[in-house]
Amino acid sequence: MNARTSALDSVVFGVDVQSGDIRGDAPSYALVVFDGESLTRDVVSHRKLRRLIDSEEPALVATDNMYELAEDKSALVHLLGSLPHGTRLVQVTGAERPEPLSRVASRHGVPYGKEPMKEAEAAARLAAANVGYEVSAFTDTTTVKVSRGRSTGKGGWSQDRYTRRIHGSVKRRARQVESELKDANLEYDRDVTEKYGGFSNAVFTVQGRPEDVPVSQHRSGDTRVEIERERRDGIEFEPLAKRRDHVIVGIDPGTTTAAAVLDLDGNPLDVLSTRTADTADVIEWLVERGRPVIVAADVNPMPETVEKFRRSFDAAGWVPDADLPVDEKLHRTEDAAYDNDHERDALAAALYAYDAHADQFDRVTRKVPAGIERGEVISRVVAGEESVEAVLRDLSDDEPDDDGDEEHEQRELTAEEQRIRDLEEQVDRLQSHVDDLNDDLDAKDDRIEELEAELSEARREERRAARRDRKVTRLRRDNDRLEDERDEAEARVEELEGKLDRLKTLWKLDHDNFADVAQGRDLVPVKVVDQFTKTAIEHADAQYGLAAGDVVYLRDASGAGRATAELLAETEPRVVLRSGGLSEEADEVLFDRGVPVGPADDVQLQEVDELAVARESDVEAVVDDWENRAEEREREQTVEMVDEIISEHRADGERT
């Protein structure tokens, strides 16, 4: 077992489920009763276990999982409320995130086995060595209520005297309770309800646990006394012993200074926030709660105040890569208890520091043998940057001789001697910082004046910035509006420019002086398509449109297939003028669709940009020529069809 000092002189119950389940019927438990020297083992039912706890009133009931004794949170709260006042429920494997019992037992050199009785024994020995967390659903505030022990009745000739006697008895008993609380030096608040002849009840809210209150719960005659602990909002965990383990500390400096303390398993131990305590007070508070291995901040770079705390404990520092966002701090601390944003920020810093070193802690823990305090090894590895092997060798060299006298003497330290040793270490640490703190005090007044001047200037600048921001916002709105108007204007200009280009082209067609058509001006516009392809037809249609009745000029009519010819025929042109020969498929499609086709050489064309003009008479001549050829072609097709029919008829006659 390690160097922990047992604070228990009474009985510890170690409990583990032997068979069944608390959610089922009739679970049985392996029970180990440990008094510091001897062990008693038994297997008991749940009902018998509760009876033994009520009759024996052990100091601790230890288990590796608190929900082995209660099926849910509501039942757990009921169990905690029904325990004897001097009995505490302990989860030896940790707080909200418990570890395996085997790992905890190995760390502290406690025998462990997988059998329920062995696990119950390990839980009892660990709790006796102050390992684990007390499971609490109640605060350290106790309510003592003194009230009437019987009804005052409905009436009668002596009711006034009877009522006055009862209320007088309540008042006397309340005064006795108040006197006992004063004798015990307990802080309390009193709230009484005065009635005829005395008090109908008196309620004392006492700062202390029920076992600290020198008053018994009873009912006798005219009065009764009820004692009840104040409920927490939920389930909380408190370390069994306030001892100076190695810890992780988070600091949030400022007008309100906050500090948070975690153990090396990442479990929150305590938080503090104060507006009045100076650095020395906070250091003293931290010294009472442990020996910091890491001092962490939630911002980067580390504030100077946090750096002073780090140097005070010669601890390792930790800061995030960038300032921690509020939403991430809220998420990381959602399972922890805190009272304000400052405590939350300190907790977040400590928890993120633990996350950053958790793997390193696990590696060190696996290498530390039983009997050596892992916190000391982790401290020297993390803060001192030593290797695990070097630390273990050093600690092994420092072990006492085989006779074990020094180790035995260390184990036999009394609580008072241990407290003296802790206080001496505390004094050494505090004295080492007195000089620094005194120097800081001299500079603080000057710094305060500078900061007040800076604050005034900052407030003026903030007001100027606010006015500037309002003006910038207004100008941005105006700029957005003007940009929208500009975009609309540019779109309108583009549209008008396209229209102007089309008008210029038409003007050219109308005003060009063609010598050969000067008289009569029998002109017809011709729309030019560069190639007889789908792409060229679609491009011409997009540029100046292809409509029914247009004269279309194909600069290169070769290569078109059936689909391309059908696309052109769908525009229903008046005539198609071609350069080059058509394919048979294209010619057949245009002929079938009644689209006249003629050679461009028969028409005198004059081109203007993408457009052209031709003589109307030439175009009509091409159309007339095509119609003549079409009639001839139809007659030929008719003759061929008749010949084919006659041939088929003769062939049928010969077969018959």
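Residues numbered from 1 in each chain as written. Predicted model: local features only at pLDDT ≥ 70, side-chain atom pairs only at ≥ 80, totals over all residues. Heavy atoms only, no water.

Re the overall build of the protein
Along the backbone of the protein there are 17 helices and 21 strands. Taken across its 656 residues, the protein has 39% of its residues classed as buried. The long-range fraction of contacts in the protein, counting pairs at least 24 apart against all pairs at least 6 apart in sequence, stands at 63%. Of the accessible surface of the protein, which amounts to about 37,800 Å², a share of 44% is contributed by carbon and sulfur atoms. (Helix = DSSP H or I, 4+ residues; strand = E, 2+ residues; numbered from the N terminus. Buried < 20%, exposed > 50% of the residue type's maximum accessible area, 1.4 Å probe, protein only. Contact = heavy atoms within 4.5 Å. Areas by Shrake-Rupley, 256 points an atom, 1.4 Å probe, with all protein chains shown as cover.)

What to know about the side chain of Glu99
Structurally, the position occupied by Glu99 is in the loop between β5 (88–91) and α3 (101–107). In this structure Glu99 touches Thr93, Val104, Arg107 and Asp265, once residues within four positions along its chain are discounted.

Considerations on the pattern of salt bridges
A full pass over the atoms with the stated rule returns 37 salt bridges. In this structure, the salt-bridge partner of Glu588 is Arg562, at a minimum N-O distance of 3.8 Å. Residue Glu588 is found in helix α16 (residues 584–592), and its partner Arg562 is found in helix α15 (residues 562–569); the two are separated by 26 residues along the sequence. According to the relative accessible area criterion, Glu588 is partly exposed, its value standing at 38%. In this structure Arg562 comes out as partly exposed when scored by relative accessible area, which is 38%. A single salt-bridge network, built from bridges that share partners, covers Asp298, Lys329, Asp341, Arg344 and Asp345. (Salt bridge = Lys/Arg side-chain N within 4 Å of Asp/Glu carboxyl O.)

Comments concerning the sheet that holds strand β13 (residues 268–274)
Pairing within the open sheet is mixed, and its five strands lie in the order β13-β12-β11-β14-β15. Each of the sheet's edge strands pairs with one partner strand only, and the pair in question is β13 and β15 (316–318). Strand after strand, the sheet turns through a mean of 25° between neighbouring axes, direction not considered. Pairing of strand β12 (residues 257–262) with β13, which is carried by six bridges, proceeds in the antiparallel orientation. Residue Ala258 lies in a different strand from β13, and its bridge partner there is Ser273. In the packing of helix α10 (residues 374–382) onto the sheet, the strands contacted are β11 (246–252), β14 (291–296) and β15, and the crossing angle to β14 comes to about 40°. (Pairing = 2+ DSSP bridges. Axes fitted to C-alpha atoms, helices over the stretch in contact; angles between N-to-C directions.)

With respect to helix α4 (residues 116–128)
Here α4 spans 18 Å end to end across 13 residues, near enough to the 18 Å set by a 1.5 Å rise per residue. Buried residues belonging to α4 abut β1 (12–19), β2 (28–34), β3 (39–45), β4 (60–63) and α3. With its phi angle positive at about 65°, Asn130 sits one or two positions after the end of α4. (Expected span 1.5 Å × (residues − 1).)

As for the nonpolar core
Membership of the largest hydrophobic core comes to 34 residues, with the highest contact counts inside it found for Ile248, Ile294, Phe361 and Val377. Going through the elements one at a time, β12, β14, β15, α9 (341–367), α10 and α11 (388–397) are the ones with two or more residues in this core. Among the elements that line this core, the one with the most residues is α9, at twelve residues. With residues near it in sequence (within four places) discarded, Ile294 still touches Val247, Ile248, Val249, Ala315, Ala316, Trp318, Ala353, His357, Phe361 and Val382. Of all hydrophobic cores here, the second largest spans 27 residues; its members include Leu31, Leu79, Tyr133 and Ala137. (Core = buried A, V, L, I, M, F, W, Y, C linked by side-chain atoms within 4.5 Å.)

Digging into a positive patch on the surface
Together, Arg459, Arg463, Arg467 and Arg470 give the surface a local cluster of positive charge. Looking at where Arg459 falls in the secondary structure, it is placed in helix α13 (residues 415–511). Using a relative accessible area of 48% as the deciding quantity, one classes Arg459 as partly exposed. (Patch = residues over 30% accessible without salt bridge, like charges linked within 9 Å, V, L, I, M, F, W, Y side chains within 5 Å. Lys, Arg positive; Asp, Glu negative; His and termini not counted. Charge placed at Lys NZ, Arg CZ, Asp CG, Glu CD.)

Re a negative patch on the surface
There is a patch of like negative charges on the surface, built from Asp522, Glu620, Asp624, Glu627, Glu631 and Glu634. On the secondary structure map, Glu620 appears in helix α17 (residues 616–655). Given a relative accessible area of 38%, Glu620 falls into the partly exposed group.

Considerations on the packing of aromatic side chains
For any pair of aromatic rings, the description rests on two quantities: the centre-to-centre distance and the angle between the ring planes. Considering all chains together, one arrives at three aromatic pairs under this definition. Arranged with centres 6.0 Å apart and planes meeting at 65°, the rings of Tyr188 and Phe204 form a pair that is edge-to-face. Here Tyr188, found in strand β7 (residues 188–195), pairs with Phe204, found in strand β8 (residues 198–207); they are 16 residues apart in sequence, far enough to count as distant. If you follow Arg125 out to its NZ or CZ, it ends over the ring of Phe34, 5.2 Å from the centre. Directly above the aromatic system of Phe591 lies the positively charged group of Arg633, at a separation of 4.2 Å from the ring centroid. (Phe/Tyr/Trp six-rings, centres within 6.5 Å; stacked < 30°, edge-to-face > 60°. Lys NZ or Arg CZ within 6 Å of the ring centre and 35° of its normal.)

Section: α17
With 40 residues, α17 extends 58 Å from end C-alpha to end C-alpha; this agrees with the ideal 58 Å at 1.5 Å per step. If you check which residues of α17 are buried, you get Glu616, Asp618, Val619, Val622, Val623, Trp626 and Ala630.

Some thoughts on the environment of Arg219
Looking at where Arg219 falls in the secondary structure, it is placed in strand β9 (residues 218–220). Distance from Arg219 to Gly149, taken between C-alpha atoms, is 6.5 Å for residues 70 residues apart in sequence. When residues no more than four places from it in sequence are discounted, the contact partners of Arg219 are Gly149 and Arg224.

Focus: the pairing of β1
Where burial is concerned, most of β1 is hidden: six out of the eight residues are buried. Sheet topology places β1 next to β4; three bridges connect them, and they run parallel. Note on β4: the bridge partner recorded for Val12 is Leu60. Pairing between β1 and β2: seven bridges, direction antiparallel. If you follow Val17 over to β2, its bridge partner there is Tyr29.

Here's the deal with the confidence of the model for the protein
For the protein, per-residue confidence averages 83 on the pLDDT scale, and 86% of positions sit at 70 or higher. Ignoring residues within four places in sequence, the model shows residues 511–520, a span with pLDDT below 50, making twelve contacts including any to other chains. (pLDDT = per-residue confidence, 0-100.)

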